[in-house]
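# Reading the structure
Now for the letters of each chain:
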Amino acid sequence: MGAALEIIVENKLYEHVSLYLSMSFPRVLSRKSGANPPKVFSADVSKVGGESDGSWTRPDLAALAVSRGTYVPFMRADLHTFEVKTARGLDVQGAHEASAQGRFGHYAWLVFQSVGLAGRNTIMFDQVLASANSLGVGVITFQDAANTDQWHVDAWPVRTTTDDAVADEFVSSRFDYGLKEKIEKYLKGLMMETVDDGN
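Residues numbered from 1 in each chain as written. Predicted model: local features only at pLDDT ≥ 70, side-chain atom pairs only at ≥ 80, totals over all residues. Heavy atoms only, no water.

### Concerning the overall build of the protein
Within the protein, the regular secondary structure consists of six helices and six strands. Radius of gyration (C-alpha) of the protein: 17 Å, near the 16 Å computed for a compact globule of 199 residues. Over its C-alpha atoms, taken along the principal directions, the protein stretches across nearly 60 × 40 × 30 Å. For the protein, the residues scored as buried account for 45% of the 199 residues in total. If you take every contact in the protein between residues at least 6 apart in sequence, the share linking residues at least 24 apart comes to 64%. (Helix = DSSP H or I, 4+ residues; strand = E, 2+ residues; numbered from the N terminus. Rg over C-alpha atoms; globule rule 2.2 N^0.38 Å. Buried < 20%, exposed > 50% of the residue type's maximum accessible area, 1.4 Å probe, protein only. Contact = heavy atoms within 4.5 Å.)

Following this line, the structure appears as structure tokens:
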């Protein structure tokens, strides 16, 4: 098997991360929590909102994960923010950037391609992972961007202290209208099921 193709333009990774979030991330979260896979709504928010200087105020992607209980009734929505880096664009500052952007949601993640100078056996990889762990930032790595089943969670994030209202405002202001409609429709469906189950 040949070496993985290194992607050197960051925004070319976004479509792969989006695919991972829709196809694999729900199962990853389910394995961690032991609950049913959540419904995940993800968006490229890299060019939306943020403060005027743009410094560490725009996550690249965000995902709203809605979970519900089967036998013990609960419903929870967690907002995950993602900072994406190429192998060549990676340094320890990436973990700090992801951490700063975590103030908008409940969990902050750093995602990068672990090839070349950022390969799994490099000093850079170890330094970034140590920095992320110290900041409570999750780390997802991959070699082959197209093979999302082989992506790996190297560190789990610590839940932030962000208020739910802040996360809700982030979704309101940075997710596009079509996606927000899908979220509203899904949540209304869950509410209707809850009402029906109570009768």
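### Comments concerning the packing of aromatic side chains
A complete count under the given rule lists 10 aromatic pairs for this structure. Residues phenylalanine 82 and tryptophan 109 carry aromatic rings whose centres are separated by 6.2 Å and whose planes lie at 15° to one another, so their mutual orientation is stacked. Of this pair, phenylalanine 82 sits in strand β3 (residues 75-85) while tryptophan 109 sits in strand β4 (residues 107-113), and the two are 27 residues apart along the sequence. There is no split in this pair, since phenylalanine 82 and tryptophan 109 are both buried. Through pairs of rings, three or more aromatic residues link up here, namely Tyr20, Phe25, Phe82, Trp109, Phe142, Trp151 and Trp156. (Phe/Tyr/Trp six-rings, centres within 6.5 Å; stacked < 30°, edge-to-face > 60°.)

### Considering the pattern of salt bridges
Under the definition given, this model contains seven salt bridges. Between arginine 27 and aspartate 149 there is a salt bridge, with the nearest N and O atoms lying 3.4 Å from each other. Linking arginine 27 in helix α2 (residues 25-33) with aspartate 149 in the loop between β5 (138-142) and β6 (152-155), this pair joins segments that are 122 residues apart in sequence. On the basis of relative accessible area, arginine 27 is assigned to the partly exposed category, the value being 40%. Between arginine 120 and aspartate 154 there is a salt bridge, with the nearest N and O atoms lying 2.6 Å from each other. With arginine 120 in the loop between β4 and α4 (123-135) and aspartate 154 in strand β6, the pair connects residues that are 34 residues apart, well separated along the chain. (Salt bridge = Lys/Arg side-chain N within 4 Å of Asp/Glu carboxyl O.)

### Notes on the packing of helix α1 (residues 14-23) against α2
Between α1 and α2, the least distance of the axes is 4 Å, while the angle of their chain directions is 50°. With respect to α2, the element α1 is oriented oblique. Across the interface between the two elements, Tyr20, Leu21, Ser22 and Met23 of α1 pack against Phe25, Pro26, Arg27 and Val28 of α2. A class-by-class count of the residues in the contact of α1 with α2 yields six nonpolar, one polar and one charged. (Axes fitted to C-alpha atoms, helices over the stretch in contact; angles between N-to-C directions. Parallel < 35°, antiparallel > 145°, perpendicular 65-115°, else oblique. Nonpolar A, V, L, I, M, F, W, Y, C, P; charged D, E, K, R; others polar.)

### Overview of a negative patch on the surface
The grouping of Asp163, Asp164, Asp168 and Glu169 at the surface amounts to a negative patch. In this structure, aspartate 163 sits in the loop between β6 and α5 (164-174). What makes aspartate 163 partly exposed here is its relative accessible area of 47%. (Patch = residues over 30% accessible without salt bridge, like charges linked within 9 Å, V, L, I, M, F, W, Y side chains within 5 Å. Areas by Shrake-Rupley, 256 points an atom, 1.4 Å probe, with all protein chains shown as cover. Lys, Arg positive; Asp, Glu negative; His and termini not counted. Charge placed at Lys NZ, Arg CZ, Asp CG, Glu CD.)

### With respect to the side chain of threonine 148
Mapping threonine 148 onto the fold places it in the loop between β5 and β6. Judged by its relative accessible area of 9%, threonine 148 is buried. For threonine 148, the contacting residues outside a window of four places in its chain are His16, Leu19, Tyr20 and Ser24.

### Topic: helix α3 (residues 93-101)
Structurally, the α-helix is built with 3.6 residues per turn, so residues lying three or four positions apart point the same way. Within α3, burial applies to Gly94, Ala95, Glu97, Ala98 and Gln101. Across the axial projection of α3, the buried residues extend over an arc of 160°, all falling on one side. (Arc of directions from axis to C-beta.)

### A short note on the nonpolar core
Core analysis: the biggest nonpolar cluster contains 23 residues, and Tyr20, Leu21, Phe25, Phe82, Val111 and Ile140 have the highest contact counts within it. For this core, the secondary-structure elements that each account for two or more residues are α1, α2, β2 (61-68), β3, β4 and β5. A total of four residues in this core trace back to one element, the largest contributor, which is α1. In this structure, isoleucine 140 is in contact with Tyr20, Phe25, Phe82, Trp109, Leu110, Val111, Phe112, Trp151, His152 and Val153, ignoring residues within four places of it in sequence. If you look at the next biggest cluster of nonpolar residues, it comprises 16 residues, including Ala87, Phe112, Val115 and Phe125. (Core = buried A, V, L, I, M, F, W, Y, C linked by side-chain atoms within 4.5 Å.)

Limitation: the analysis is restricted to geometry and does not speak to function.
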